[in-house]
Each structure stands twice: as structure tokens, then as C-alpha cells.
Amino acid sequence: MELFDKLYDEHENAKVRFIGFTTEDTRYDFGIIYTNLFFGKPLVVCMQTGRSTLLDPKDIEDIEYLQTVFRIPDKKQATDLAEFFSGTLPTIPFVIQYE
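Residues numbered from 1 in each chain as written. Predicted model: local features only at pLDDT ≥ 70, side-chain atom pairs only at ≥ 80, totals over all residues. Heavy atoms only, no water.

**Q** Any details on the packing of aromatic side chains? Residues and values, ideally.
**A** Geometry of an aromatic ring pair is reported as the spacing of the ring centres plus the angle between the planes. Taken as a whole and assessed by the stated rule, the structure comprises 8 aromatic pairs. Pairing Phe30 with Phe70 gives two aromatic rings, centres 5.4 Å apart and planes at 75°, and the pair type is edge-to-face. One end of the pair, Phe30, is in strand β2 (residues 27–34); the other, Phe70, is in helix α2 (residues 63–70), with 40 residues separating them in the sequence. In this pair, the class of Phe30 matches that of Phe70, namely buried. (Phe/Tyr/Trp six-rings, centres within 6.5 Å; stacked < 30°, edge-to-face > 60°. Helix = DSSP H or I, 4+ residues; strand = E, 2+ residues; numbered from the N terminus. Buried < 20%, exposed > 50% of the residue type's maximum accessible area, 1.4 Å probe, protein only.)

**Q** Can you tell me about the nonpolar core, naming the residues and giving the values?
**A** By size, the foremost hydrophobic cluster in this structure holds 21 residues, and its most contacted members are Phe30, Val44, Phe70, Leu81, Phe85 and Leu89. Among the elements of the structure, β1 (15–22), β2, β3 (43–46), α2 and α3 (75–88) are those that each provide at least two residues to this core. If one sorts the elements of this core by residue count, α3 sits on top with 5 residues. Beyond its immediate sequence surroundings of up to four residues, Leu81 is in contact with Phe21, Tyr28, Phe30, Phe70 and Ile72. (Core = buried A, V, L, I, M, F, W, Y, C linked by side-chain atoms within 4.5 Å. Contact = heavy atoms within 4.5 Å.)

**Q** Describe the pairing of β3, listing the residues and the values that go with them.
**A** Remember that side chains alternate between the two faces of the sheet whenever the strand is regular. As judged from the 4 bridges shared by β2 and β3, these two strands associate in the antiparallel manner. Opposite Phe30, over in β3, you have Cys46 as the bridge partner. Here 3 bridges tie β3 to strand β4 (residues 52–54), and the two strands are oriented antiparallel to one another. Residue pairing across strands places Leu43 opposite Leu54, the latter belonging to β4. (Pairing = 2+ DSSP bridges.)

Such coordinate-based values are descriptive only and should not be taken to indicate function.
Encoded structure:
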């Protein structure tokens, strides 16, 4: 018996966007990986801290979630980040990935 049971091993040419911007309070640098995996949610990586998450439009509306995942202490900064993501990330229809 093998030590690990492989769940998936996919190769994909993914579209990646790197974007840096500033608000009144701080600077952000993100990598956004668009993939067909993960129910169509883009993988968002903070290039400064290495923290990452999968985001969809519902996740962006949850300011407390953004504060937690990116460890943002100020609610205004998280609101600014949500505004940025809502204009940057595409609205992706739900895709059934597992049957």
C-alpha cells in the first residue's frame, strides 16, 4: 500500500496577472492566477506576505474574511481591498467540478 493516495495531478496553462497598487494607507502587490480548477475561483496571492486564498464575488463581500485571510488590522483597508477585487476579479458562473 502506498503512503499517499493521490487526489489529483493536473497540468494546466494558467493565466496569471501581477498587479501592484496603493491606497491612502498602504501598498499591495498581488498575483492572481486564473484557472479552471477550484470551481473557477481565481487564486489570489499577496506577494508581500505569501498569504493566499481562492476568491469569488461572495467572498469579496465578506470584509471580515478578507481581514482574516490577509491579516489586515483595519476595516477601512479591507473595504478598500474589497472594492479593488470587485472591479478586478471576473464574475465566474458556478461550474460543477465533481460528480
